[in-house]
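Overview (structure and organization)
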Amino acid sequence: GLNFERPGFQRMLKDVYSGRINMVIVKDLSRFGRDYIETGNYIKKKFPMLNVRFLAILDGYDSLTASASDRNLLLPVKNFVNDNSSRDTSIRIRSHMAVMRKEGLYISAYVAYGYRKSPEDKRKIILDEYASKNVKQIFDWFQAGISILNIVKKLNDMGILSPAEYKRALGIRSYYSFQTYPKAQWSYVAVKRILTNEMYLGRMIQGKTRKINYKLKSVVHVPRDQQDIVEGAVPRIISKEQFDCVQRILNRDTYAPHN
């Protein structure tokens, strides 16, 4: 209820503004919205201005018969309680997620190319034989002096499924707004992302971003020393020596010609 961009809510508002409906009925105030300010703004200002009657059944609120006390005291108090309840729920969820991250349990929707979630425990990460071999091959090629662009060409020429296509082949639903072809190809960005991913060292890094607060979807980046980093939480694909070597080459930005 914190988000007033809900599709159903927006459809209702469209009907309200067009004059198709003149009454809004909800089970209780929390079902309408949990944002203290926005909920009050709709019920006390926008709806009366549009001659829309508002009923919250379980809360016993009816804008047509509500007294001044109901409008100015009962309504704000209930809305504040609902808002505060959302804040408390958000705090509990974030605290629980933080504990799981520190224990090395995976909480994101998708895993990095080369891994998959364990069928027995979705919080555990296991190797994906097909994809992990491709990850190792990409590191070997780059370390041998093959440029990222030539690696991209080799992968596409060999018909190796890109990360996006491999997810699709596994039946994992994912959508990429930047995809321009019916079949996703390997790209410079995809290969570079693999070459710089520390998860292949067996290192799980989570909590890289966080929401500004429980009411906003916007996120901010978290400093490295505040992120949750757990060594050995996932199977290692690349040795530390090879990973460090690749990072040095990337930082120099010098590539040997393809032989």
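The structure displayed is predicted, hence computed values, not measured ones.

Turning next to helix H3 (residues 36-49). Across its 14 residues, H3 extends 19 Å between first and last C-alpha, which sits within 8% of the 20 Å expected from 1.5 Å per residue. The sharpest bend along H3 reaches about 35° and sits at tyrosine 42. Those residues of H3 not exposed but buried are Thr39, Gly40, Tyr42, Ile43 and Phe47.

So, about a positive patch on the surface. A cluster of basic residues, Arg94, Arg210, Lys211 and Lys217, forms a positive patch on the protein surface. Residue arginine 210 is classed as partly exposed on the basis of its relative accessible area, which comes to 40%.

Quick look at the packing of helix H5 (residues 129-143) against helix H9 (residues 240-252) now. The contact between H5 and H9 brings their axes to 10 Å, and the two run at 50°. Taken together, the axes of H5 and H9 are oblique relative to one another. In the crossing of H5 with H9, the sense of the turn from one axis to the other is left-handed. Only Gln242, Phe243, Cys245, Val246, Ile249 and Leu250 of H9 make contact with H5, whose side of the interface consists of Lys136, Phe139, Asp140, Phe142 and Gln143.

Considered for burial, the residues of helix H6 (residues 148-157) that qualify are Ile148, Ile151, Val152 and Leu155. Within H6, the buried residues cover an arc of 105° as seen down the axis, which keeps them to one side. Turned more than 90 degrees from where H6 packs its buried face, Leu149 and Asp157 sit exposed. One or two steps after H6, the chain reaches glycine 159, where phi turns positive at roughly 75°.

Parameters at a glance
The residue numbers shown here count from 1 along each chain, following its written sequence. Given that the model is predicted, a residue must reach a pLDDT of at least 70 before its local features are reported, and side-chain atom pairs must reach 80 or more before they are shown or counted; all residues, however, enter totals for whole chains, interfaces and linings. Hydrogens and water molecules were not included; the side-chain quantities draw on all heavy atoms of the structure. In this text, helices come from DSSP runs of H or I with a minimum length of four residues, and strands from runs of E with a minimum of two, each type numbered from the N-terminal end. In a helix, the anticipated span is given by 1.5 Å times the number of residues less one. The bend at a residue is defined as the angle formed between two axes, one fitted to the seven residues ending at that residue and one fitted to the seven starting there. Burial status follows relative accessibility: with a 1.4 Å probe on protein chains alone, a residue under 20% of its type maximum counts as buried, one over 50% as exposed, and anything between as partly exposed. Patch members must show over 30% relative accessible area and no salt bridge, and they are joined within 9 Å when carrying like charges or within 5 Å when they are nonpolar side chains of Val, Leu, Ile, Met, Phe, Trp or Tyr. All accessible areas in this document rest on Shrake-Rupley with a 1.4 Å probe, and a residue is counted as covered only by the protein chains that are shown. Any carboxyl oxygen of Asp or Glu that lies within 4 Å of a side-chain nitrogen of Lys or Arg is treated as forming a salt bridge with it. All tallies of charge rest on Lys and Arg as positive and Asp and Glu as negative; His and the ends of each chain are not included. By convention, the charge on Lys lies at NZ, on Arg at CZ, on Asp at CG and on Glu at CD. All axes here are fitted lines through C-alpha atoms, helices being fitted over the stretch that makes contact, and every angle between N-to-C directions spans 0 to 180 degrees. Oblique is the label for every angle not falling under 35 degrees (roughly parallel), over 145 degrees (roughly antiparallel), or within 65 to 115 degrees (roughly perpendicular). By convention the crossing between two helices is left-handed if the near helix lies anticlockwise of the far one by an angle smaller than a right angle, and right-handed if it lies clockwise. Residues are treated as being in contact if the distance between any of their heavy atoms lies within 4.5 Å. Directions are taken from the helix axis to each C-beta atom, and the arc is the one they span.

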